[in-house]
Amino acid sequence: MTLLECVTQSAQQLTKAGVAFGHGTQNAFDEAAWLVLWQLGLPLDTPLAPTADADNPAAVRRLTSDEQTKVKALIHTRINTRKPAAYLTHEAWLQGVSFYVDERAIVPRSLIAEVLVEGSLDYWLNESTHRVLDLCTGNGSLAVLAALVYPDVMVQAADISAEALEVAHINIERHGLHQRIILHQGDGLPNHGGPYDLILCNPPYVNAQSMATLPPEFKAEPALALDGNTAGGIDGMDFVRRLLRDAPAHMTEQAILVLEIGNERTHFEAAFPTLEVIWLATSAGEDQVLLVSRETLLTL
């Protein structure tokens, strides 16, 4: 069996088993390629085009019996446990940057990473932008990206989960940013470290109906990072309501808040019908990440 045949067969198995994607890949072939290449210790960007020329010998490379056995075991684990692939490989990639991840934290996939790296926020920021808060930081990926994109800022990464912050600590050390990123455990906005010039937040926002029907792969993640109804609501906006109410007191005069609400725009607009926000373009569309200024938040 060649490498390409192995990936193709693995993809067919994933498809037949009905596994869910969305934790770094969007289809069975990409997921299979990730798992197979990782298990074989090959670079994740190994070309898999079915050509036998000298420039691309990898795809037609034949796997040993031992390699095939190891791949089959990993694919079976993915299918039988329904754990996201990132929990099996302990690695996820966001905007080309590698992050450690395990079951203590949600798999990083925030669309805020795109607006950070692509410079979509630069219009609203200036030389006075010095303090950044990554609220609901999870494994710390957005805090790390913010520190990499803006080398002159200090970042505070906050989360209610002590276990998630343990993972964030690993990633901060991994990228050598321990002198510029400070961790904070707490529920909501920190009482120290501000006021902030920029607040990033990918909060728990999934509505109650969607929470009840999540695929097993998403249920394998900490519910605390997904469920937006922990204060008794059903629209997924419990945390967001508190955040938008309290944020101005933690922001500098010209500060902005960048908030991801995923597929919950309808619920967001129903909860805040008079709030004027700016929707930012991402690969998932222009209705998943929003920007709002402190001045606008004060109108609530």
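Everything discussed here concerns the structure shown above.
Predicted model only: the values in this text are computed from it and were never measured.

Asker: Where do I start with the packing of helix H2 (residues 28–39) against helix H3 (residues 65–81) in this structure?
Answerer: Relative orientation of the contacting elements H2 and H3 amounts to 135°, with a least axis distance of 9 Å. When the axis of H2 is compared with that of H3, the two are oblique. For H2 against H3, the interelement crossing comes out right-handed. Contact residues: Glu31, Leu35, Val36, Trp38 and Gln39 in H2; Lys70, Val71, Leu74, Ile75 and Arg78 in H3.

Asker: What's the story with the sheet that holds strand E6 (residues 196–201) in this structure? I'm lost.
Answerer: Strand pairing in a sheet takes place through backbone hydrogen bonds and is either antiparallel or parallel in direction. With mixed pairing, the seven strands of this open sheet are ordered in space as E5-E4-E3-E6-E7-E9-E8. What marks the edges here is a single partner per strand, and that holds for strand E5 (181–185) and strand E8 (278–282). Ignoring which end each strand starts from, the neighbouring axes of this sheet average 20° apart. Bridge analysis of strand E3 (residues 131–135) against E6 gives four bridges, and the strand direction is parallel. Residue pairing in the sheet places Leu135 in a bridge with Cys201 of E6. Set on the sheet, helix H7 (residues 162–174) makes contact with strand E4 (154–159) and E5; between it and E5 the angle comes to about 170°. Each of E3, E6 and strand E7 (251–260) touches helix H10 (residues 238–246); the most contacted strand, E7, lies at about 170° to it.

Asker: Honestly, empty space enclosed by the protein in this entry has me stumped. Any pointers?
Answerer: To find the voids left in a structure, one rolls a probe of water-molecule size over its atoms. According to the stated counting rule, one finds two cavities of 30 Å³ or more in the structure shown. Approximately 50 Å³ is the volume attributed to the largest cavity. As for the largest cavity, its lining consists of Met1, Cys6, Gln9, Ser10, Gln13, Gln68, Val71, Lys72 and Ile75. The set of elements that each furnish at least two residues to the lining of the largest cavity consists of helix H1 (3–17) and H3. The residue makeup of the lining of the largest cavity, split by class, is four nonpolar, four polar and one charged. If you add up the space inside the second largest cavity, you get close to 30 Å³. For the second largest cavity, the full set of lining residues is Ala20, Phe21, Gly22, His23, Gly24, Thr25, Glu31, Trp34, Arg78 and Ala85.

The rules behind these values
- Per chain, the residues get numbers from 1 upward, laid out in the order the sequence is written.
- Since the coordinates come from a predicted model, pLDDT governs what is reported: local features require at least 70, and pairs of side-chain atoms require 80 or more to be given and counted, while whole-chain, interface and lining totals use all residues.
- Think of the side-chain values as coming from all heavy atoms in the structure, minus any hydrogens and water.
- Only the stretch in contact is used when fitting a helix axis, every axis being a line fitted to C-alpha atoms; angles between N-to-C directions are given from 0 to 180 degrees.
- For the purposes of this entry, the term helix denotes a DSSP run of H or I that reaches at least four residues, the term strand denotes a run of E that reaches at least two, and both are numbered from the N terminus.
- For classification, angles of less than 35 degrees are called roughly parallel, those exceeding 145 degrees roughly antiparallel, those between 65 and 115 degrees roughly perpendicular, and all remaining angles oblique.
- By the definition used in this description, the sense in which the near helix is turned from the far one sets the handedness, with an anticlockwise turn below a right angle giving left-handed and a clockwise turn giving right-handed.
- Whether two residues are in contact is decided by their heavy atoms, any of which lying within 4.5 Å being enough.
- In this description, strands pair whenever DSSP reports at least two bridges between them.
- A cavity, in this analysis, means grid points on a 1 Å lattice covering only the protein atoms where a 1.4 Å probe fits yet has no way out; a pocket is instead an open set bounded by protein on both sides within 12 Å along at least five of seven lines, and a residue lines either one if it has an atom within 4 Å of a point.
- Grid points are joined across faces, edges and corners, and a volume is the space filled by probe spheres set on the points.
- Classification used: nonpolar for Ala, Val, Leu, Ile, Met, Phe, Trp, Tyr, Cys and Pro, charged for Asp, Glu, Lys and Arg, polar for all others including Gly.

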